[in-house]
Amino acid sequence: MTAHMTDVLSVVVPVYNVSDYLPEFLASLDAQAGDLPREFIFIDDGSTDDSAGLVQKWIDERHPSARMVSTRNRGVSAARNTGLDEVSGDWVLFLDPDDVLGSDYFAALYAFFARDTTIDLVATNLLRLQDPDRVLRDTHPLRFRFAGGTRIAPLEDDVFIMNAASVAFPVRAVRDSGARFRTGLHASEDALFVAEYLLNLERTPRAGFVAGAEYGYRKRAARTSAVDRYRSDPSTYTVRFHEGYAPLLERSAQVGAVPSWLQSMLLYEMQWLLPVQMDPQRYAENLDPSQRAHTLAGLSRCLRHVSEERLLSYDASALPWESRMLILALTARDVLPAVFATTPRKWRSTTDLIRYSRDITREYLADAPSSEIVSWAPDVFGQQVLFAHRLRADSRVRHVTDHDLVWPRPGETLAQTQDRYRRYLTEEHEAFIPAHEHEVYVRRTRSWSPNPKTIRQEARRRSLWSKDAWIGRCFRPGHAALVEHPSDGVEFSKELVSWLRRVVRTRQVRAQGSDSPLDALRFGSLRHRIARARARLIVSVRPVGRPSARARTRSLRTLVVTAQLTHPEVLRIRRFSPDLVVTAADADAAALQSIGIASVDIMTLSDLNPHAVAQALRDRVAHRATTLPRKDSNVAA
């Protein structure tokens, strides 16, 4: 049986300047528990390093039936197309030479093909290999597809396939479909190839999911892969939508409804495109205004084929509520009427209400005294179709005209509250764990999951029994301040601590690698977590991490801005979500308001020095005895 299967399966490996990774890839082939496929075709895409020599040595010593085809450099898509034209087996794999295979990879595939070959494609278990770590980790967002072990399932809703390197394709069916890998793209060429092939089948595709065949996808430490380089290429944001997804979606819409699996594929792309524009490390700052507008036009052209039902039900990755509302606004659909309340802080009797709309001037009425303190357009490719509004209302508010008012559960972030409300709208009753802020994973039970109790156990660990919650229960709130700083803000922080200690017990936190006093707390240590849980005032010279849920509800989080803000720093401030920003530059106020920080929460000082900051903080909260008590209130200096 194995000998027969070695002829059924062919392997294509595009090779270009991967001499640093080829030895590990070839070693994973040598370590296979079963026989290797007879036909291995390496496509040397004009490598200028020793890649071709390493491959030829392996062929001569280990696999004489393999062969190498040399071409001029044309890109990975052209190399794969060349290999597709050359193979003679019934099934083909397009392996990447910087990845690795589990030892049972081919044996698991052979066993599956022996059982069933009447399917349209076979997906293997995609694991992560993070350089310089050599351990395969099951952390991919789409890992839920293998929760029930090896199985066959139709592609629909959240069950879809986008990666080509970890998938086996039937050669004759692919050739008959006319599908080819798109050249000239640095992202989504795999997904477009899979989508084009499956759409040409003109029926609901059936896929095999082989859990025992583990494919280790490498995240290069040097960030030199095509996936890493694509963010600096404007075509990533324009060509793949205008020339890639849009024609496929429009052609599919002409013959009927766009398949739900294709809609989900597009939404999965949005997870890596829309919310990351609020990430300082991944913001598309290389696009000019015309390219941003062109990107939005391409997104609108594609996303209009995503139904509102699929948009709300999509659960393959943790697509934020804000991104879902932006998709509705981009496609000229009404934003859902919901207002999300925040739990009133211990030091404040008011609560903030967050809402989204397509009209920046529309008024909303609450049943308690309230006022809008800031409105802004989330900076996603310069869009001006979705606006976010922050209202400040009396904590007694219970109703907002024509809107659902959603209150958070204890310890929830805004993102988790929004996700819970979305599931309420879609009437989903399965157990799930709301995603943390900026998380892409969705943890929930699946109909094929072997142990549904696991998700509930994990939910308990992340809520009632998490480390931060345990600390919050064991240690009562204190009357203290906490000053945190990065490695380059030491001197300012030292002076600020000195002045604050005159009015309140103050602890200092040192970042890794900083030259701080010996008595300073190490950032992230258990003592630091306890201090955060007890502190009534948290002051940072730069956003460093996010406070725990307890610290978010108890503490006054203050950020001191000592320099002119750059755009990445503004985005970091958005993630930090300070309650009060102290700054010396009036020009920074507009940048801060563009991320939802209201002018009433911005304090501008003419002379920004540690003494002035300490005095301003004392004056700001002097009437809040529980927040920052005076030295004469039995608080040690």
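Below or above, wherever it landed, is the structure these notes cover. (Residues numbered from 1 in each chain as written. Predicted model: local features only at pLDDT ≥ 70, side-chain atom pairs only at ≥ 80, totals over all residues. Heavy atoms only, no water.)

### Notes on the nonpolar core
If you look at the biggest cluster of nonpolar residues, it comprises 94 residues, and the most contacted ones within it are F169, Y245, M270 and F381. Looking at which element gives the most residues to this core, the answer is helix α7 (residues 189-199), with eight residues. Here Y245 is in contact with M162, S188, A191, L192, R240, M265, L266, E269 and C302, once residues within four sequence places are set aside. Grouped together as the second largest cluster of nonpolar side chains are 38 residues, L9, L22, L29 and L95 included. (Core = buried A, V, L, I, M, F, W, Y, C linked by side-chain atoms within 4.5 Å. Buried < 20%, exposed > 50% of the residue type's maximum accessible area, 1.4 Å probe, protein only. Helix = DSSP H or I, 4+ residues; strand = E, 2+ residues; numbered from the N terminus. Contact = heavy atoms within 4.5 Å.)

### A short note on helix α4 (residues 76-86)
The buried count for α4 comes to eight of 11 residues, which makes it a mostly enclosed element. Buried residues of α4: S77, A78, A79, R80, N81, T82, G83 and L84, and no others. Taken together, the buried residues of α4 touch β1 (9-15), β2 (39-45), β4 (91-94), α6 (171-177) and α7.

### A short note on the sheet that holds strand β13 (residues 387-394)
Spatial strand order, β12-β13-β11-β10-β14: five strands in an open sheet with mixed pairing. Whereas interior strands pair on both sides, the edge strands pair on one side only; in this sheet they are β12 (370-376) and β14 (404-406). Ignoring strand direction, the axes of neighbouring strands in this sheet form an average angle of 25 degrees. The sheet contact formed by β12 and β13 spans six bridges and is antiparallel. Residue pairing for β13: W376 is matched across the bridge by A388. Relative to the sheet, helix α14 (residues 414-425) contacts β10 (338-341), β11 (350-357) and β14, its axis offset from that of β10 by approximately 140 degrees. (Pairing = 2+ DSSP bridges. Axes fitted to C-alpha atoms, helices over the stretch in contact; angles between N-to-C directions.)

### Some words on the pattern of salt bridges
As enumerated under the stated definition, the model contains 27 salt bridges in all. In this structure, R423 engages D419 in a salt bridge whose closest nitrogen and oxygen atoms are separated by 3.3 Å. A residue pair is termed a helical-turn pair when its members lie 3 or 4 positions apart in one helix, as R423 and D419 do in helix α14 at four residues. Take R423: its relative accessible area is 3%, and that puts it in the buried class. (Salt bridge = Lys/Arg side-chain N within 4 Å of Asp/Glu carboxyl O.)

### Brief notes about the side chain of S317
Topologically, S317 is positioned in the loop between α12 (308-313) and α13 (321-330). In this structure S317 comes out as buried when scored by relative accessible area, which is 1%. Filtering out sequence-adjacent residues up to four positions away, S317 remains in contact with Y268, Q271, R324, V440 and V442.

### With respect to the environment of A598
For A598, the location among the structural elements is in the loop between α21 (587-593) and β23 (602-604). Taking the C-alpha atoms as reference points, A598 and D579, separated by 19 residues in sequence, lie 9.6 Å from one another. Contact partners of A598, with chain neighbours within four places excluded, come to I373 and V374.

### Focus: the packing of aromatic side chains
Inspection of every chain in the model, using the stated rule, returns 24 aromatic pairs. Between F94 and F169, the ring centres sit 6.1 Å apart and the planes meet at 55 degrees, which makes this aromatic pair tilted. Separated by 75 residues along the polypeptide, F94 in strand β4 and F169 in strand β8 (residues 167-170) bring together distant segments of the chain. For F169, a relative accessible area of 0% gives the class buried. (Phe/Tyr/Trp six-rings, centres within 6.5 Å; stacked < 30°, edge-to-face > 60°.)

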